[in-house]
Amino acid sequence: MTRPRILVVGAGFAGVECVRRLERRLAPNEAELTLVTPFSYQLYLPLLPQVASGVLTPQSVALSLRRSERYRTRIIPGGAIGVDLRSKVCVIRTINGETVNEPYDYIVLAPGSVTRTFDIPGLTDHAFGMKSLAEAAYLRDHVISQLDLADAGHDPAERASRLQFVVVGGGYAGTETAACLQRLTHAAVKRYPRLDPGLIKWHLIDIAPRLMPELGEALGRSAQEILTRRGIEISLGVSIAKAGPDEVTFTDGRVVPTRTLIWTAGVVASPLIATLGADTVRGRLAVTADMSLPGYDGVFALGDAAAVPDEATGDGAVCPPTAQHALRQGRHVADNVIATLRGLPLRPYVHRDLGLVVDLGGTDAVSKPLGLELHGLPAQAVARGYHWSALRTNVAKTRVMTNWLLNAVAGDDFVRTGFQAHKPGNLRDFDFTGVYLTPEQVRAHVAEAGRAAR
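Everything numeric in this text was worked out from a predicted model, so none of it was measured. (Residues numbered from 1 in each chain as written. Predicted model: local features only at pLDDT ≥ 70, side-chain atom pairs only at ≥ 80, totals over all residues. Heavy atoms only, no water.)

*Asks:* So, the overall build of the chain: which residues are in play, and what are the values?
*Replies:* Per the secondary structure count, the chain includes twelve helices and 25 strands. Each principal axis of the C-alpha distribution contributes one length, and for the chain these read about 75 × 50 × 45 Å. Burial status across the chain gives 51% buried among its 454 residues. Contacts spanning at least 24 positions in sequence make up 68% of the contacts within the chain whose residues lie at least 6 apart. Within the structure as shown, the chain displays about 20,500 Å² of accessible surface, and the carbon and sulfur contribution to it stands at 54%. Across the chain, the mean location of the 49 positive side-chain charges is 5 Å away from that of the 45 negative side-chain charges. (Helix = DSSP H or I, 4+ residues; strand = E, 2+ residues; numbered from the N terminus. Buried < 20%, exposed > 50% of the residue type's maximum accessible area, 1.4 Å probe, protein only. Contact = heavy atoms within 4.5 Å. Areas by Shrake-Rupley, 256 points an atom, 1.4 Å probe, with all protein chains shown as cover. Lys, Arg positive; Asp, Glu negative; His and termini not counted. Charge placed at Lys NZ, Arg CZ, Asp CG, Glu CD.)

*Asks:* Give a description of the UniProt feature "domain: FAD/NAD(P)-binding" (unreviewed entry) in the chain that names residues and reports values.
*Replies:* In the UniProt entry, the feature "domain: FAD/NAD(P)-binding" (unreviewed entry) is given for residues 5–330. Counting secondary structure, residues 5–330 comes out at 27% helix and 28% strand; the distance between its end C-alpha atoms is 18 Å. (UniProt positions renumbered as here; feature names shortened; annotations may be inferred.)

*Asks:* So what's going on with the packing of helix H9 (residues 376–390) against helix H10 (residues 394–410)? Which residues, and what values?
*Replies:* One can describe the packing of H9 onto H10 by two numbers: an axis separation of 9 Å at closest approach and a directional angle of 150°. Relative to H10, the element H9 is oriented roughly antiparallel. For the pair H9 and H10, the sense of crossing is right-handed. The residues of H10 that touch H9, namely those facing Arg-384, Trp-388 and Ser-389, are Lys-397, Met-401 and Trp-404. Its residues assigned to classes, the contact of H9 with H10 shows three nonpolar, one polar and two charged. (Axes fitted to C-alpha atoms, helices over the stretch in contact; angles between N-to-C directions. Parallel < 35°, antiparallel > 145°, perpendicular 65-115°, else oblique. Left-handed = near helix turned anticlockwise from the far one by under 90°. Nonpolar A, V, L, I, M, F, W, Y, C, P; charged D, E, K, R; others polar.)

*Asks:* Go over the packing of aromatic side chains, please, and point to the residues and values.
*Replies:* The geometry of an aromatic ring pair comes down to the distance between the two centres and the angle between the two planes. Tallying each qualifying case throughout the model produces five aromatic pairs. Seen in terms of ring centroids, Phe-118 and Trp-263 are 6.2 Å apart; in terms of plane orientation they differ by 75°. Their pairing is edge-to-face. Taken together, the positions of Phe-118 in the loop between strand S9 (113–115) and helix H3 (123–126) and Trp-263 in strand S17 (residues 260–263) put the pair 145 residues apart, joining distant regions of the chain. For Trp-263, a relative accessible area of 1% corresponds to the buried category. Ring centres of Phe-165 and Trp-202 lie 4.5 Å apart, and the angle between their planes is 15°; this geometry places the pair in the stacked category. Note that Phe-165 is positioned in strand S11 (residues 164–168) and Trp-202 in strand S12 (residues 201–206), a separation of 37 residues in sequence. Taking relative accessible area as the criterion, Trp-202 reaches 3% and is therefore assigned buried. Directly above the ring of Tyr-71 sits Arg-20, whose terminal nitrogen or CZ lies 3.4 Å from the centroid. In this structure, Lys-397 is placed above the aromatic ring of Trp-388, and the distance from its NZ or CZ to the ring centre is 5.1 Å. (Phe/Tyr/Trp six-rings, centres within 6.5 Å; stacked < 30°, edge-to-face > 60°. Lys NZ or Arg CZ within 6 Å of the ring centre and 35° of its normal.)

*Asks:* Please set out helix H8 (residues 323–341) residue by residue, giving values where relevant.
*Replies:* With 19 residues, H8 ought to run about 27 Å at 1.5 Å a step, and its terminal C-alpha atoms sit 27 Å apart, in line with that. Among the 19 residues in H8, 15 count as buried, and that is most of the element. Among the residues trailing H8, Gly-343 stands out with phi positive, at a value near 75°. (Expected span 1.5 Å × (residues − 1).)

*Asks:* A description of the nonpolar core should follow, citing residues and the corresponding values.
*Replies:* Across soluble globular proteins, nonpolar side chains show a tendency to be buried alongside one another. In terms of nonpolar packing, the biggest core is built from 112 residues, with Ile-6, Leu-22, Val-83, Ile-107, Leu-109 and Leu-285 touching the most fellow members. With eight residues, helix H4 (residues 133–152) is the single largest residue contributor to this core. For this core, the two domains that each supply at least three residues are domain 1 (5–115 + 268–353 + 431–453) and domain 2 (127–265). If you look at the next biggest cluster of nonpolar residues, it comprises 16 residues, including Ile-120, Val-166, Val-256 and Ala-265. (Core = buried A, V, L, I, M, F, W, Y, C linked by side-chain atoms within 4.5 Å. Domains from an automatic or database assignment.)

*Asks:* I'd love a proper account of the pairing of strand S24 (residues 365–369), names of residues and values included.
*Replies:* With five bridges joining them, strand S23 (residues 355–359) and S24 adopt antiparallel strand pairing. Across the sheet, Val-357 pairs through a bridge with Ser-367, a residue of S24. Between S23 and S24, which pair antiparallel in sequence order, lie five residues; one of them, Gly-361, sits at a positive phi of approximately 90°. Bridge analysis of S24 against strand S25 (residues 374–375) gives two bridges, and the strand direction is antiparallel. Note that in S25 the partner of Ser-367 across the bridge is Leu-374. (Pairing = 2+ DSSP bridges.)

*Asks:* Give a detailed account of the domain arrangement of the chain, specifying residues and quantitative values.
*Replies:* For the chain, the assigned domains read domain 1 (5–115 + 268–353 + 431–453) and domain 2 (127–265). The C-alpha-based centres of domain 1 and domain 2 are spaced at 33 Å. Between domain 1 and domain 2, the residue contacts involve 17 residues of the former and 13 residues of the latter. Summing both sides of the interface, domain 1 and domain 2 together bury roughly 1,300 Å²; the carbon and sulfur share of this comes to 70%. (Buried area = accessible area lost by both parts, 1.4 Å probe.)

*Asks:* Pulling in residues and values, what's your account of the pairing of S12?
*Replies:* With respect to burial, S12 is a largely interior element, five of its six residues being buried. Bridge count between S11 and S12: five bridges; the pairing is parallel. Looking across to S12, one finds that Val-167 is bridged to Leu-204. Viewed along the sheet, the connection from S11 through helix H6 (residues 172–188) into S12 turns out right-handed. Pairing of S12 with strand S13 (residues 232–236), which is carried by five bridges, proceeds in the parallel orientation. (Right-handed = clockwise from strand over helix to strand, strands pointing away.)

Shown next as structure tokens:
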């Protein structure tokens, strides 16, 4: 008999946890496992700000999916650009540009999210993102190059624009990015005798009334005070009106000369979800508490791309798009896929939030484990301890711990690689949202392939 085909889309926290659990709990003859991902590694996204600031190397947060010979999952190097739920076919664009159809019996949709943007003039042309390893590496090069160019330049206006940096988004990603990169420039400027450290200015802005509201008012205020003491100017209730190559206009009318606009104002579900033609909740796929898609057999969705009911909270809430939930949802949905294969009942996903951690670099952090509010070194120990324990492999744990210790002792060399020096690296260049098909295009492509096969 032909083995059932289980297709997992996405190699983030949710997708990788699902695949690894399926490998452990299914016998080789029970199912054929396939994973679709553009990159054969799992990215530990919460540590990207430390990659951008040089505390960690890129390799230390990219956990290889091919390192162990024990794994039997077939990896398709590409991205899913459409799914025909009726025909049970996933349309994939491989990394060489070829479009192929991958049939399945069971599909687990964990394509994650993309940076949320708005119709702001110049935003995608001039802003940098912080959602991928390439963006973090590029941003580090870019920030250091601004110091180099300001040091070499003679025009005061140009120097001022190169030494001002704007981060939009007062959530975890934006706050940690501003905190880590401000520490980078503060340390690096000491190596530039011709530059006045007072010219370096960091701006953190957000349309919300306070930073990281999920942390609560007290911890959010504590984080704001830490950043303000470092010289970061925080503006709340403010966003971007327009962006240009050398200046940014805020919605309160201020014009800030800058060559560095970092956009971290939230995420939205992967555009793949829109190709399904299924019901959504604020762009995320509407699924049941057991993470199955109503009306379709063998379809499961989880992570950032799915509106999974938060049974622990109740009141119609959905699980927030955090790594904490994605990891546990990955394991849980694997168990439900196995239950479906074996004719057993599915179980609803229930997980009570364990808390939040925010690493502000150095000895600064705020954390809220199990509702306990922490500041300073204790919070930093909890934050780094949580991230370190969440890394999936011992190799990754060793690399990250070594990087932390080396950076604490020896500091940074402020080296930029230069491999992207002559290429743009803004949101438009790293965000490949234009490759996805419409539901009609997906059905037409699958039908045409079926006719060609006959």
